[in-house]
Amino acid sequence: MLTKRIIPCLDIKNGRTVKGINFVDLKDAGDPVELAAAYAREGADELVFLDISATEERRKTLAELVLKVAEKVNIPFTVGGGISSVEDVDILLQNGADKISINSSAVKNPDLINKLADKFGSQCVVVAIDAKQVNGKWKVHLVGGKVPTDIDLFEWAAEVEQRGAGEILFTSMDHDGTKDGFANEALSRLSVSLNIPIIASGGAGNIDHFADTFTTGKADAALAASVFHFKEIGIHELKSSLKAKGIPVRI
Amino acid sequence: MKLVIINYGAGNIQSIKFAFERLGYTAVLSDDPDEIAAADKVIFPGVGAAGSAMEKLKASALHTLIPELTQPVLGICLGMQLMCNYSEEGNTQGLSIFDVPVRRFNQGQKVPQIGWNNIEQLSSPLFKGIEEGSYIYMVHSYYVPLCEQTIARSEYGPVYSAALRKDNFYGVQFHPEKSSEVGENILKNFLAL
């Protein structure tokens with residue numbers, strides 16, 4: 001039986017992980033490769049690396065990082081952040097990334113989704129969507145949620161599926177950072193109306209939140225950052241608890 | 001041991017090469033028919049669409065070489081699907097090593113299947129020491145139905161072939177190079193064939 005996936009997300013700046021990371025058993029908690037390998041050992045199902053650097057060398061640094069991760073890590077990983085062309089994707093996949101994630105560049109240039117799906121296959125194209133509710137309607141936001149648009153979340157999600165996206169990573173800006181649970185109502189609507197996997201992001205605070213997003217939210221995977229980095233929730237503990245609740249997970 | 005990964009421009013080859021390096025083996029990437037034919041073990045990877053991958057094989061004349069190989073060959077994901085006789089993906093004629101067609105998932109399940117699923121009824125030295133029900137990583141929209149050559153099965157809507165074997169030819173639908181320790185043990189078993 002296909003299991004629900006638990007995905008730690010690592011923010012990368014200039015080749016190093018950022019945001020306070022509290023991994024006491026690591027020699028260098030800023031080293032993305034070491035952190036990734038530690039998560040893989042703990043039972044993470046996949047990893048997402050989100051590059052937030054703003055330097056001109058970002059492409060080269062990111063490609064080098066992907067190669068190092070692919071060398072050491074024996075589970076799949078997705079790379080996102082600032083990817084805007086077929087060439088960008090080609091280099092990252094050649095260096096060993098399993099999937100890439102695009103966000104603002106897909107909104108600005110929706111045809112990029114078709115091009116990537118045609119050239120590399122839908123299975124490696126993740127479209128990340130950041131959205132929040134404006135007057136009760138879910139609206140897509142760009143640039144890490146800072147720039148609002150008038151685009152409806154559900155219409156955009158249907159369009160990215162139709163254009164060839166293999167997965168949607170949906171982050172609710174209303175829930176992100178609250179530790180109050182995922183946006184299960186919107187997630188469930190996405191999951192039921194679309195025929196591609198949905199990754200839930202934003203709002204993880206405790207184990208029950210993960211259970212809820214898989215049951216009520218009907219998510220196929222759940223992504224979180226700080227609860228894992230600060231060891232508030234251990235991956236193994238989380239998966240054991242989900243399994244005890246009857247949710248299929250890989251242990 | 002000379003281990004060759006067929007490099008025909010369709011696959012996450014780097015990851016497979018690294019997986020073997022973690023096991024202590026150096027794999028050579030090659031599209032040279034002589035080098036492939038001379039290898040002790042051959043890996044036939046593949047990611048992307050069946051039609052364009054088959055065109056690339058034909059462009060390097062590998063479509064005639066692969067079925068004639070006599071050493072152990074392991075097809076991975078699309079590689080395995082191309083070893084079948086036909087794929088619904090782009091109505092593509094395959095290498096006809098495995099006598100079974102490739103179908104698209106169409107029973108209302110989400111497509112592609114992405115994630116960790118379990119493999120059962122393991123019946124081959126490829127799975128020596130691998131427990132029934134072990135989890136492996138799958139990413140695919142098309143599947144191989146059960147057939148005489150099935151050596152492992154999985155379920156996603158239909159029960160389907162997670163692995164195939166005919167003589168020296170092996171195929172796995174999943175990605176052993178991304179399937180943690182279970183995948184590494186399967187690759188070790190392949191090297192020991």
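Residues numbered from 1 in each chain as written. Chains lettered and ligands numbered in written order. Predicted model: local features only at pLDDT ≥ 70, side-chain atom pairs only at ≥ 80, totals over all residues. Heavy atoms only, no water.

Caption draft 1: Quick peek at the UniProt feature "active site" (unreviewed entry) in chain A. Residue and element names in this part refer to chain A. Residues given the UniProt feature "active site" (unreviewed entry) here are Asp-11 and Asp-130. Tracing the backbone through its elements, the reader meets Asp-11 in strand β1 (residues 5-13). Among the structural elements, Asp-130 can be located in strand β6 (residues 125-134). Discounting chain neighbours no more than four positions away, the residues touching Asp-130 are Asn-103, Lys-139, Val-140, His-141, Gly-144, Gly-145, Thr-171 and Met-173. Among the polar contacts listed, one links the side chain of Asp-130 to the side chain of Asn-103, at a separation of 3.3 Å. (UniProt positions renumbered as here; feature names shortened; annotations may be inferred. Helix = DSSP H or I, 4+ residues; strand = E, 2+ residues; numbered from the N terminus. Contact = heavy atoms within 4.5 Å. Polar contact = N/O pair within 3.5 Å; in protein donor to acceptor, adjacent residues only side chain to side chain.)

Caption draft 2: Layout of the interface of chain A and chain B. In this complex, chain A contributes 38 residues to the contact, which on the side of chain B involves 29 residues. Taken together, both faces of the contact between chain A and chain B bury some 2500 Å²; the carbon and sulfur share is 52%. Considering only the surface of chain A that becomes buried against chain B, Leu-2, Asn-74 and Gln-123 of chain A emerge as the three largest contributors, covering 26% of it. Viewed at the interface, chain B and chain A are joined by 2 salt bridges. Lys-110 of chain B is paired through a salt bridge with Asp-220 of chain A; the nearest N and O atoms lie 2.7 Å apart. Inspection of the chain A/chain B interface yields 15 residue pairs in polar contact (both at pLDDT 80 or more). Breaking the side of chain A that touches chain B down by element, the ones donating at least two residues are α2 (58-72) and α3 (86-94) of chain A. For the side of chain A that touches chain B, the element with the most residues is α2 of chain A, which contributes 4 residues. Tallied by class, the residues present in the side of chain A that touches chain B amount to 17 nonpolar, 10 polar and 11 charged. (Buried area = accessible area lost by both parts, 1.4 Å probe. Salt bridge = Lys/Arg side-chain N within 4 Å of Asp/Glu carboxyl O. Nonpolar A, V, L, I, M, F, W, Y, C, P; charged D, E, K, R; others polar.)

Caption draft 3: Main features of the packing of α3 of chain A against helix α5 (residues 111-120) of chain A. Residue and element names in this part refer to chain A. In the contact formed by α3 and α5, the axes pass within 10 Å of each other and the chain directions differ by 35°. For the crossing formed where α3 meets α5, the hand is right-handed. Contacts between α3 and α5 involve Val-86, Val-89, Asp-90 and Leu-93 on the former and, on the latter, Leu-112, Lys-115, Leu-116, Lys-119 and Phe-120. Residues that form the contact of α3 with α5 fall into these classes: 6 nonpolar, no polar and 3 charged. (Axes fitted to C-alpha atoms, helices over the stretch in contact; angles between N-to-C directions. Left-handed = near helix turned anticlockwise from the far one by under 90°.)

Caption draft 4: Region of interest: the UniProt feature "active site" (unreviewed entry) in chain B. Residue and element names in this part refer to chain B. Following the UniProt record, the feature "active site" (unreviewed entry) maps to Cys-77, His-175 and Glu-177 here. The largest pairwise C-alpha distance within this set of annotated residues, which runs over 101 residues, is 11.0 Å, so the set is compact in three dimensions. By the element assignment, Cys-77 lies in the loop between β4 (73-76) and α5 (78-82). Taking relative accessible area as the criterion, Cys-77 reaches 7% and is therefore assigned buried. As for its position among the elements, His-175 is in the loop between β13 (169-172) and α6 (180-191). Take His-175: its relative accessible area is 10%, and that puts it in the buried class. His-175 has contacts with Val-47, Ile-76, Cys-77, Tyr-137 and Val-139, leaving out every residue within four places of it along the chain. (Buried < 20%, exposed > 50% of the residue type's maximum accessible area, 1.4 Å probe, protein only.)

Caption draft 5: Structural detail: the state of the cysteines. All names here are of chain A. Taken as a whole and judged by the stated rule, the model has 0 disulfides over all chains. As a non-bridged cysteine, Cys-9 has Cys-124 as the owner of its nearest cysteine sulfur, 18 Å distant. Owing to a relative accessible area of 8%, Cys-9 belongs among the buried residues under this scheme. (Disulfide = S-S within 2.5 Å.)

Caption draft 6: The arrangement of the pairing of strand β4 (residues 77-80) of chain A in detail. Residue and element names in this part refer to chain A. Side chains Phe-77 and Val-79 of β4 all project onto a buried face; the interleaved residues Thr-78 and Gly-80 project onto the opposite face, where all are buried too. Alignment of strand β3 (residues 47-51) against β4, held across 4 bridges, turns out to be parallel. For Leu-50, the partnering residue across the bridge sits in β4 and is Gly-80. Handedness of the crossover joining β3 and β4 through α2 is recorded here as right-handed. Looking at chain direction, β4 and strand β5 (residues 99-102) are connected through 3 bridges and run parallel. Looking at the pairing, Thr-78 lines up with Lys-99 of β5. (Pairing = 2+ DSSP bridges. Right-handed = clockwise from strand over helix to strand, strands pointing away.)

Caption draft 7: Region of interest: the packing of aromatic side chains. All names here are of chain A. On inspection of all chains with the given rule, the structure shows 11 aromatic pairs over all chains. Taking the centre distance of 5.6 Å and the plane angle of 75° together, the rings of Trp-138 and Phe-170 count as edge-to-face. Of the two residues, Trp-138 is situated in strand β7 (residues 137-142) and Phe-170 in strand β9 (residues 167-172); the sequence distance between them amounts to 32 residues. Taking the relative accessible area as the measure of exposure, Phe-170 reaches 1% and is therefore buried. (Phe/Tyr/Trp six-rings, centres within 6.5 Å; stacked < 30°, edge-to-face > 60°.)

Caption draft 8: View of unusual backbone geometry. Here the amide bond leading from Val-111 of chain B into Pro-112 of chain B is cis, since omega sits at 0°, within 30 degrees of zero. Structurally, the position occupied by Pro-112 of chain B is in the loop between β7 (98-104) and β8 (113-118). For Lys-218 of chain A, which is not a glycine, the phi torsion comes out positive at approximately 55°. With respect to the helices, strands and loops of the structure, Lys-218 of chain A is situated in the loop between α8 (207-215) and β11 (221-224). One non-glycine residue, Ala-61 of chain B, adopts positive backbone phi at about 60°. Following the sequence through the fold, Ala-61 of chain B ends up in the loop between α3 (50-59) and α4 (62-65). The exposure class assigned to Ala-61 of chain B is partly exposed, which follows from its relative accessible area of 38%.

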